[in-house]
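# Examining the three-dimensional arrangement
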Amino acid sequence: MDRKGKWVLSSGALLVIFLGRMTTALEVPLDLPQPPTITHQSPKDFIIDPRENILIYCEAKGKPHPSFSWTRNGTHFDVEKDSKVLMKPSSGTLVIDISGEKAEAYEGIYQCTARNEHGTAVSNNIFIRQSRSPLWSKERKEAIMVQVGVSLVLQCRPPAGLPPPIIFWMDNNFQRLPQNTRVSQALNGDLYFSNVLLDDTRNDYICYARFPHTQTIQQKQPITVKVLDMDAINETVAAMYNYTNNLFVDSPSGERRPSFMAPLGRSSTQMALRGGVLELECIAEGLPTPEVSWYKESGDLPSSRMSFHNFQKTLKIADVMEADAGDYRCTAKNSLGSAHHTIKVNVKAAPFWISAPRNLILAPKETGILTCRVSGDPKPQIAWSVNGVPIKDSPKDTSRKVEDDTVILSDVQTGSSAVYQCNASNEFGYLLANAFVNVLAEAPRVLTPPNNVYQVITNNPAFLDCASFGSPIPTITWFKDSQTSILNRDPYVIHNNGTLEINVAQSLNSGKYTCIASNNLGTRENHVYLEVKEPTRILAQPEYMVVQRNRKAVFECKVKHDPTLIPTMNWLKDNGELPDDERFLVDTDSLTINEVTEEDEGTYTCVMNTTLDQDSASAMLTVVEEPDPPTDLELTDQRERSVQLTWIPGDEHNSPTQKFLVQYEDLLHQAGVWHNLTEEEGTKTTAHLDLSPYAYYSFRVLAVNHVGYSQPSQPSRQYRTNPAAPDVNPTDVHGVGTEHNNLVISWKELTGLQSNGPGLQYKVNWRQKDVEEDWLSETVANTSKYVVSGTPTFVPYEVKVQAVNDYGNGPAPEAVVGYSGEDVPMSAPESVQVLVQNGTLAEVHWEPVLTSMVRGRLQGYKVSYWRERSLHQAEAQQEEQQVLLLSGNRTDGRLPGLKPYSLYTLNIRVVNGKGEGPPSPNHNFETPEGVPGPPSFLRIKNTDMDSLTLEWGPPQDNNGRLTGYTLKYQPVNSSNELGPVEEMMFPANETTVILADLKYSTRYKFYFNAKTIKGSGPTITEEAVTIMDEVRPIGPAFTNVNSSVVGEEGAVISWEYFGPDKNVYVEYIVENSKEDWTKECVNGSSGSQTHLIKGLKPGTSYRVRLAVKDHSEATIHSTEELVITLPEAMKSDQVDLATQGWFIGLMCAIALLILVLLIICFIKRNKGGKYPVKEKEDAHQDPEIQPMKDDDGTFGEYSDTEDHKPLKGSRTPSNGTVKRDDSDDSLVDYGEGGDGQFNEDGSFIGQYSGKKEKDTHEGNESSEAPSPVNAMNSFV
């Protein structure tokens, strides 16, 4: 079934529709007879603006459409007699023009009546009153003089307005007066002072009243308040001010316990109406200012509906309930005591509905009940009317029975339709409801539109509507997929209004549903569809972020949703829209905020909406930055060598301060340079600073948090200390000789701050250690070293350095030991012996050099050794010298990295701080034989079906006398499993062998090594595949390997490859080079392949080969080497032909000549010249040529077996076609413009002369017709 264009309702909409139908009166289609129903009316208490026309609403519906009339103050209001009053057409709404009239003339109680032949409905009583904003009465306000500390009330007393005005206090500059726990505005508008301060003195306390309906603001005369401190005024001045009775408020001025200013006394009562707002107020005076708290004596305060205002002085409870009645206690408390006040709250109720009467639609002979159930305090009185007339005054009806709040209608008859009114009232208000009784006989009709599509999210309830009408009320039956009858049980619920509810919808509930409405007059059905969708879920929620200022913040929000629903991602900041700022970038699944600032802090929420549901997730963004610098630096507890520094921390910017860094500047010694002095914890604001004498200090403080350092604070004031003798001596004192006959005494100079006073000098002392002699001394200044000359070589000295200034000497210095200068050693180690351990390791021993011969600090011994030659070579081939440095006073060492079967030479030197001594005599030793190195190569050649040839080269390092070679080999199957191993031995003088009796088409793996008397050396491996019998090889095989040079720096290698391995490489190396081969991986597919080698050197010869490797980069197979020589690069003095003037001129002349010839040809063609094409066509008739189509002038396809023969030497693809070579000429070569043309007689005009022949051997793979030009060329 085509379901396009069906209505789609969301689950949210379904729920609203269902609940609405369950709570509203039964609707009758407007095409059926029905009594009037009031649909819109003005509120009961209607306050009007006297500057605008009066609009009193009264709208109703019915069949036939009702007529309207009005009463005013209980009597008929004749609208037609008043030219200022207009009733809207087809409506009862009144429009009263009050221009030129006073609105008071139309005040009163209005009621609208709507009637037709089936009944009469009435509206509420609408009380019309004009809004009023009377002026403030003129009054003279004298200044209020009060003593500091007393309480005070400034009365507002605004004029009575309708509705009451909104009160607020401001000054002459229209700025609101600040309010707090001490000063606040009461509910009646008065301004209360719990106690006054001197700062409360001012002459512009102004009370303003704003009237909402007229949007006017009126002000009271300014009130002047003068607060006096009587303790500071003498008795004479006090007497001068005491000239009236009301100058001072009669209340105490000193500290006192609280007492209540409003309400007065210990208790009071207050009444509230159910559903309204209860406001309880307690304002207390006292000094210190008291704090107010609330609690309910008989229960808990309703936290969900309760709020505090006016600094806890007002308790506000919304939507008052009967349970809110009781005793509320407010407590005012300060340090001197407390006061209590109890407010007894009584809750009354205007009438409210428990069950309002609803419209009845009855069939003839049926019975119905109208119920009007209300409640209230006091209990409401209920009065019934019919068609606007009290039932007691209406004609008697035997089918009607009234029992208090119920009207019972029995055995109704056609024509007995009417509108009943229920009026419930008490002293606090009234309720009026209209309910009609409509007697009809009507067959069922389904009001829900057909083919609705309902969509709902999985696990949510689904409501399928089947709104119907009929009289008697139809019975509703549901079916699913036109087959299954739905019973009223889980998971289905059929409501009284026909709605089908599925408690927890699942995907299996999707489908077509049919509802059938039936009564005794007929049957109707309707089809709807349910689609159950997957829910929207946020998979990756945004996470809480702490970001530094000016950095980037990224919130992720990845969502999964039903693919058939269109999602909409929306981001919110603090539940509002994102700022309109280009720094906020919204992506598919993320929000990026660039260069964040403090204003970006808040909660960010990603909301994913579909037409059916939504999901959201939130995360907070906290912006941190370096703290603000501390302020208000102050120096206290000032002493000779210390001071205390205090400061006030700056803003931490959401990152707690970890520490404070105190820095100082010495203006006397290093002005402009700040040094770190001390650090304090981030919770401290004081630091005790130890100071040095003779300095001009300034201090500053930096705060440090997780982000970094703050800017420095402003410097403190300068603090100077007095001079004194030095407290410390120079550090890092050393005595080191730079020559063999001197001693250099050095130290680290004191800083200006360490000098402690002017005239800083250094007293240098020295003497030879362990020698009985006096200290020698010298005093120097502005230097960090002193040189003592004429010392013996490398002897110990005791040295010390003392600081001295104009105020005395520093503390006694400690002596340190140093040495005079060194000289190079005078002798070499003796008794050198070498003990050879094996072919690669030997030990060397010697006698140490005497300490007196070392002449300095012994660093160690230097062993130099080198390989003279291999023992199987007669000629010496000395290799690079190796050096072994042995630190300390050693007498032996090990010589690693020796080569077997070699002759070595060594010598030894002693080393001190000055240099190396003479070498010992050269000492020779030999190393024994070892295992050989790997063979230099292993090549596989002449691969056949059952044999192959192996070639190898001897090892580069024999490491002894070769005794032979060992070859092992074994087959490898297709699953890389190894077969049995065969082993062969060869003498040392052989370099090739032919292996026979191998299996054809089999891969073999070869292992090859060399041997000496010490054993076998490392093994090299190679793989090869024997070829198949009379078939190209299955294993790695290369054929038709060729090369060609491309330009000066490139070469092309081409080959054909047939093998299972795909790791094919092109390898090349400069001829006669010892470098490694350069490898380039290429396509390992079977068949013909080419590869371009780039970046070669011009004028250089290269060896090139192809190789197949396994996964371990071992070579399985390689080709023979090709030699490629590239041409020399073009010399710079060669002339570029294209830049020569004569060549450019020649080309221009040729181009001009060709242009003239083309123009001549074009002129001749336009004269109608014909070509003998027809004769050529007749001469080349072929029975397989398809005739030319007359309708479009194109040629059919041609077939000629000769034309499709491949060229000699070419390879024919398996499908029998020959692809056209890339170098084939374009069709443009055969004619001007490239398109064939026809003459007036339909013959083809082609250009036949002077053109090269085209190769017509092209495949007919295309579905398009062949070109006419190609077809004609096949005839020529």
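The structure displayed is predicted, hence computed values, not measured ones. (Residues numbered from 1 in each chain as written. Predicted model: local features only at pLDDT ≥ 70, side-chain atom pairs only at ≥ 80, totals over all residues. Heavy atoms only, no water.)

This next bit is on the overall build of the protein. Looking only at helices and strands, one finds six helices and 98 strands in the protein. Residues counted as buried form 40% of the 1276 residues belonging to the protein. Across the protein, the fraction of contacts at a sequence separation of at least 24, relative to all contacts at a separation of at least 6, is 65%. Per element, the accessible surface of the protein, about 70200 Å² overall, is 49% carbon and sulfur. (Helix = DSSP H or I, 4+ residues; strand = E, 2+ residues; numbered from the N terminus. Buried < 20%, exposed > 50% of the residue type's maximum accessible area, 1.4 Å probe, protein only. Contact = heavy atoms within 4.5 Å. Areas by Shrake-Rupley, 256 points an atom, 1.4 Å probe, with all protein chains shown as cover.)

Once that is clear, we can look at the state of the cysteines. Applying the stated rule across the entire model yields six disulfides. Note that Cys282 is cross-linked by a disulfide to Cys330, the S-S spacing being 1.9 Å. When the S-S torsion is -70 degrees, as for the bridge of Cys282 with Cys330, the disulfide is left-handed. One end of the pair, Cys282, is in the loop between strand S23 (278-281) and strand S24 (283-287); the other, Cys330, is in strand S28 (residues 326-334), and 48 residues separate them in sequence. For the pair formed by Cys282 and Cys330, the shared burial category is buried. (Disulfide = S-S within 2.5 Å.)

Once that is clear, we can look at the pattern of salt bridges. Applying the stated rule across the entire model yields 38 salt bridges. Close ionic contact of Glu285 with Arg256 constitutes a salt bridge, the shortest N to O distance being 2.8 Å. Of this pair, Glu285 sits in strand S24 while Arg256 sits in strand S21 (residues 256-262), placing them 29 residues apart in sequence. Relative accessible area serves as the criterion here: at 9%, Arg256 is assigned to the buried category. The residue Glu916 makes a salt bridge to Arg909 at a minimum N-O spacing of 3.8 Å. Judged by its relative accessible area of 25%, Arg909 falls in the partly exposed class. (Salt bridge = Lys/Arg side-chain N within 4 Å of Asp/Glu carboxyl O.)

Turning our attention to the confidence of the model for the protein. Scored by pLDDT, the protein has a mean of 84; 85% of the residues are at 70 or more. The lowest-confidence element of the protein is strand S98 (residues 1244-1245), averaging 34 in pLDDT; the highest-confidence one is strand S17 (residues 191-193), averaging 97. (pLDDT = per-residue confidence, 0-100.)

Moving on to the sheet that holds strand S9 (residues 94-96). Backbone-to-backbone hydrogen bonds join strands into a sheet, with any given pair of strands oriented parallel or antiparallel. Read across the open sheet, the three strands follow the order S4-S9-S8; overall the sheet is antiparallel. Each end of this open sheet is capped by a strand with a single partner; those strands are strand S4 (54-56) and strand S8 (85-87). Each adjacent strand pair in this sheet contributes to an overall mean axis angle of 15 degrees, direction not counted. Here S8 runs beside S9; their pairing, made up of three bridges, is antiparallel. By the bridge assignment for S9, Val85 is matched with Ile96. (Pairing = 2+ DSSP bridges. Axes fitted to C-alpha atoms, helices over the stretch in contact; angles between N-to-C directions.)

We now examine the nonpolar core. With 30 residues, the main nonpolar core has Ile56, Trp70, Ile96 and Tyr110 as its most contacted residues. Where this core is concerned, the elements lending two or more residues are strand S3 (45-48), S4, strand S5 (58-63), strand S6 (67-72), S9, strand S10 (108-116) and strand S12 (126-130). Sequence-distant contacts of Ile96, that is, excluding residues within four places in its chain, are made with Asn53, Ile54, Ile56, Lys84, Val85, Tyr106 and Tyr110. Counting residues in hydrophobic clusters, the runner-up holds 20 residues, among them Trp136, Ile167, Tyr205 and Ala209. (Core = buried A, V, L, I, M, F, W, Y, C linked by side-chain atoms within 4.5 Å.)

On the basis of which strands lie adjacent, the open sheet formed by four strands has the order S62-S61-S64-S65 and antiparallel pairing. Edge positions in the sheet fall to strand S62 (670-681) and strand S65 (719-721), since each has one partner strand and no second. Across the sheet, the mean angle from the axis of one strand to that of its neighbour is 35 degrees, orientation sign disregarded. Alignment of strand S64 (residues 695-704) against S65, held across three bridges, turns out to be antiparallel. Paired with Tyr696 across the two strands is Arg720, which belongs to S65.

With that settled, consider the layout of surface pockets. Vacant regions in the atomic arrangement are exposed by a probe of water-molecule size rolled over the atoms. Here the largest pocket is characterised by a volume of approximately 1200 Å³. As for the largest pocket, its lining consists of 39 residues, of which Arg939, Glu1022, Arg1105, Ser1118 and Thr1119 are closest to the centre. Elements supplying a minimum of two residues to the lining of the largest pocket: strand S81 (935-941), strand S88 (1020-1025), strand S89 (1038-1046), strand S94 (1101-1109) and strand S95 (1115-1118). For the lining of the largest pocket, a count of residues per class yields 18 nonpolar, nine polar and twelve charged. (1 Å grid on protein atoms, 1.4 Å probe; cavity = no way out; pocket = protein on both sides within 12 Å on 5 of 7 lines; lining within 4 Å. Points joined across faces, edges and corners; volume = space filled by probe spheres on them. Nonpolar A, V, L, I, M, F, W, Y, C, P; charged D, E, K, R; others polar.)

In this section: the packing of aromatic side chains. Within this structure, the stated rule accounts for 24 aromatic pairs. Ring geometry for Phe174 versus Tyr208: centroids 6.2 Å apart, planes at 50 degrees, classification tilted. In this pair, Phe174 sits in the loop between strand S15 (166-170) and strand S16 (183-185) while Tyr208 sits in strand S18 (residues 202-211), placing the two residues 34 residues apart along the sequence. Note on Phe174: relative accessible area 54%, which makes it exposed. Overall, Tyr208 belongs to the buried group, its relative accessible area being 4%. Here a set of aromatic residues connected by ring pairs shows up, and it is made of Trp952, Tyr965, Phe986 and Phe1008. The positively charged end of Arg857 is found above the aromatic ring belonging to Tyr819, 5.0 Å away from the centroid. In this structure, Arg939 is placed above the aromatic ring of Phe937, and the distance from its NZ or CZ to the ring centre is 4.3 Å. (Phe/Tyr/Trp six-rings, centres within 6.5 Å; stacked < 30°, edge-to-face > 60°. Lys NZ or Arg CZ within 6 Å of the ring centre and 35° of its normal.)

The omega torsion of the bond from Ala262 to Pro263 falls at -10 degrees, within 30 degrees of zero and hence cis. Checked against the element boundaries, Pro263 lands in the loop between S21 and strand S22 (267-273). Going from Leu287 to Pro288, the amide bond is cis rather than trans, its omega being 0 degrees. Take Pro288: it is sitting in the loop between S24 and strand S25 (291-296). Unlike most non-glycine residues, Asp411 shows phi in positive territory, near 50 degrees. Of the residues examined, Asp411 reaches a relative accessible area of 40% and is grouped as partly exposed. We note that Asn575 has phi near 65 degrees; this positive angle belongs to a residue other than glycine.

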